[in-house]
Amino acid sequence: MNLETLNNKQLEAVKVLDGPLLILAGAGSGKTRVLTTRVAYLIEQGVNPEQILAITFTNKAAKEMKDRIIKMLGPVAYQIQISTFHSFGLKIIKYHHDLLGYKKNFTILDSEDSITVIKKILKSMDLDPKIYHPKAIKSQISGAKNELLNPEEYSKFANTEYEKIVLKVYKAYQNKLVINNSLDFDDLLMLPIVLFNQNKDVLKIYQEQFKYVLIDEYQDTNEAQYVLTKMISAKYKNICVVGDPDQSIYAFRGSNYRNILNFEKDYKNAKTIMLEENYRSTKNILNVANSVIKNNGSRKEKNLWTDNEDGDKIIYHRSENEKDEAFYVMSQIKKIMNQSPLSEIAILYRTNAQSRNMEEALLRENIPYKVIGSFYFYKRKEIKDLISYLKLIYNQDDDISLTRIINVPKRGIGLKSIENLVQKANDEGKSMYEAIDNGKELAFRQIIEELIKMQDSCSLTELVDLILEKTGIRNELIAENTLDAEVRLENLEEFKSITKNFEEKNGIISLEEFLNEISLVSDIEEHKNNNEVVTLMTVHSAKGLEFNNVFVIGMEDGIFPHANAFQDPSQLEEERRLCYVAITRARKKLWLVNAKRRMLYGMENANVESRFIKEIDGQYLDKDIVAEETRIIKTNMIDASIDYSISDKVVHNKYGVGVIVNIEKSILTIAFNHPHGIKMIIKGHKSIRKV
DNA sequence: GCCTAAGTGCTTTTT
DNA sequence: GCACTTAGGC
């Protein structure tokens, strides 16, 4: 193990093994390196790898840490417990399910399922979803669980009329989940604590098991996560937490950066180490980041510095509209992609919806890319249906999944039949599946029964194939004979390649393992290995990552910072921290891009530049507003009656005289000389004519 | 029970 | 702009 390249502070952070340790690690200060080296050092000092627990927030971070430690230590690294909070919680619950009153084959609801359940409860209580927004109620329940309040405890705080309604729904919701032998995401954090509170002997086992605990991104822990780590490390107090208050960006999910500020109060004789040298970014990038974050009032001053070169100035470009914005980014990517691998290029944005324009442009330019955190695939109806079949095969108490698929494909079981079945199940005190004993529903049950029997004698991929076959999903889609049905079938067949991939990587995998995995890692990109591509993601997902070239798009007031944060100073500060995270992802070059006008909710909006840009000292910025550049306009849907050819002169009624530089299928590319110009697409031919 | 057309409301961020 | 919900006809 190579400790020589560490600086003094980093070395100290690696070597202080016992007792509570707080590492305040600024962006790019080598945090992951310290964490992984620390784990390696612990093992080298004779600590049993099985006694180390390392917890991260995201699957990506866990994987990154695992990979790095494997590189340093080899296979012994597999004995270390490295997981996200949620997967760690899941493991504990799985193991002690009986003590918590769940059967071993419980299933996990995704956020959408939770909302579906809440909608149904609202309906049954005759509450108007327009007044009681299912999403808002879900977030209230989620908040309560993260504060470790079960319905009974929540009732003590439920004072307003609204809160009393939430309480009623919360009770019914939790009841429904238990009956369905199902958990939601928040249960994964809350139930281990319930377990430990009720069974001190079980807690003891974990305290003895994990003598050394490491928590990454501690500034983002919520109450449940905070308590969980505190409980486990209570005996030996070898707890090392790492974080940066300036990068706390999950308050909306209940995270509380006071957890990190209070660490020294929580753990008497805690040692604190500050990592303030940034190894990642150029001076210019760091200066820009600092000039933004210093505007946060409630903040512990720190001095993040770098010995790196000044580097290029930060490029600021203001486009005409969101299409221009995409074209500008493309033009810049094409300039750098010869010197820089695509894997070193990232496009970051505030909201997922912004990826669309970029994707379209990348597709058009034939530049390979991946979108991180696009649950697009798993959210598709056909995929959710398929997963529901898998869930029901695994857990027949899962009424939520059953309701979803009992009429997929169409079996003539409509709303009325389902209502009757719900009633019958209620009366008989059974699950819906159990309550089925006649009619079309019985045929459905028999298919599931058959699949349950077959699962033992076939692989996961074969099981998926059998589902498509036996349920008639495949035949229905083939019979439909539309483009849409074809796409859906393709997606379902693609799902098999995911399971296959999975089996190749992990060997024979049980349905249980697979369901757990896709419940917690629902991002298809994390199941793939495509590296030589441009990465698109939200700033939130980018935390902890770094790239040589970073584009932050949509730098407009209303988008970044988001309009919802305008009224609340603390939310605005969180937006600013988010901006700080975005800027500090860049190693070498950073582009800040925005658009004067933008389509939003089907309406064109004019946005002023982000207040965060105004906060940047102008000396670090290179305003990339090209005075005179050839404007390339593509136009499609050409009038076939007009015969266009290359080098023809045309007049556009807005952009003036131009020359056709390319004709491809029905798309004309026209070059105009125009100020402030970059590429854009004009739909329709009506605005041009030949001269 | 199923299908279609009209109507609505919505986008913050993730496990 | 789109995904989702609802009403009404078959």
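Structural data are supplied above this passage.
If you're wondering where the values come from, they're calculated on a predicted model, not measured in any experiment.

Caption draft 1: Broad picture of the environment of Asp-622. With respect to the helices, strands and loops of the structure, Asp-622 is situated in strand S19 (residues 621-623). If we ignore the near neighbours within four places in the chain, the residues touching Asp-622 are Lys-313, Ile-314, Ile-315 and Tyr-316.

Caption draft 2: Spotlight on the protein's contact with DNA strand B. With respect to spatial proximity, 32 residues lie near DNA strand B, and among them Arg-253, Arg-350, Gly-414, Ser-417 and Asn-564 are the closest. Protein-proximal atoms of DNA strand B, defined as those within 4 Å of the protein, fall in sugar or phosphate at a share of 66%. Residue His-86 places a side-chain N or O atom 3.0 Å away from a base oxygen belonging to DNA strand B. A distance of 3.5 Å separates a base oxygen of DNA strand B from a polar side-chain atom of His-540. Looking at the surface near DNA strand B, the elements with two or more residues in it are helix H21 (415-428), helix H28 (539-542) and helix H29 (569-583). Per-element tally for the surface near DNA strand B: the top contributor is H21, with three residues. Residue composition of the surface near DNA strand B, grouped by class: eight nonpolar, 17 polar and seven charged.

Caption draft 3: Quick peek at the side chain of Glu-344. Mapped onto the elements of the fold, Glu-344 is located in the loop between helix H16 (322-336) and strand S12 (345-349). Here Arg-587 takes part through its side chain, which lies 2.9 Å from a polar atom of the side chain of Glu-344.

Caption draft 4: Spotlight on the sheet that holds strand S14 (residues 534-538). The strand order across the open sheet built from seven strands is S13-S14-S12-S15-S16-S11-S19, with neighbouring strands paired in parallel fashion. Each of the sheet's edge strands pairs with one partner strand only, and the pair in question is strand S13 (369-371) and S19. Adjacent strand axes in the sheet meet at a mean angle of 20° when their direction is disregarded. As defined by bridge partners, S12 adjoins strand S15 (residues 547-552) across four bridges and the pair is classed as parallel. Looking at S15, one finds that Ile-345 is bridged to Asn-549. Packed on one face of the sheet, helix H15 (residues 283-293) meets strand S11 (314-319) and strand S16 (586-595) and runs near 50° to S16. Its contacts with the sheet put helix H17 (residues 355-365) on S12, S13 and S14, and the angle it makes with S13 is roughly 160°.

Here is what the cut-offs are and how they apply
- Residues numbered from 1 in each chain as written.
- Chains lettered and ligands numbered in written order.
- Predicted model: local features only at pLDDT ≥ 70, side-chain atom pairs only at ≥ 80, totals over all residues.
- Heavy atoms only, no water.
- Helix = DSSP H or I, 4+ residues; strand = E, 2+ residues; numbered from the N terminus.
- Contact = heavy atoms within 4.5 Å.
- Near = heavy atom within 4 Å.
- Polar contact = N/O pair within 3.5 Å; in protein donor to acceptor, adjacent residues only side chain to side chain.
- Nonpolar A, V, L, I, M, F, W, Y, C, P; charged D, E, K, R; others polar.
- Pairing = 2+ DSSP bridges.
- Axes fitted to C-alpha atoms, helices over the stretch in contact; angles between N-to-C directions.

Read these as geometric descriptors, not functional statements.
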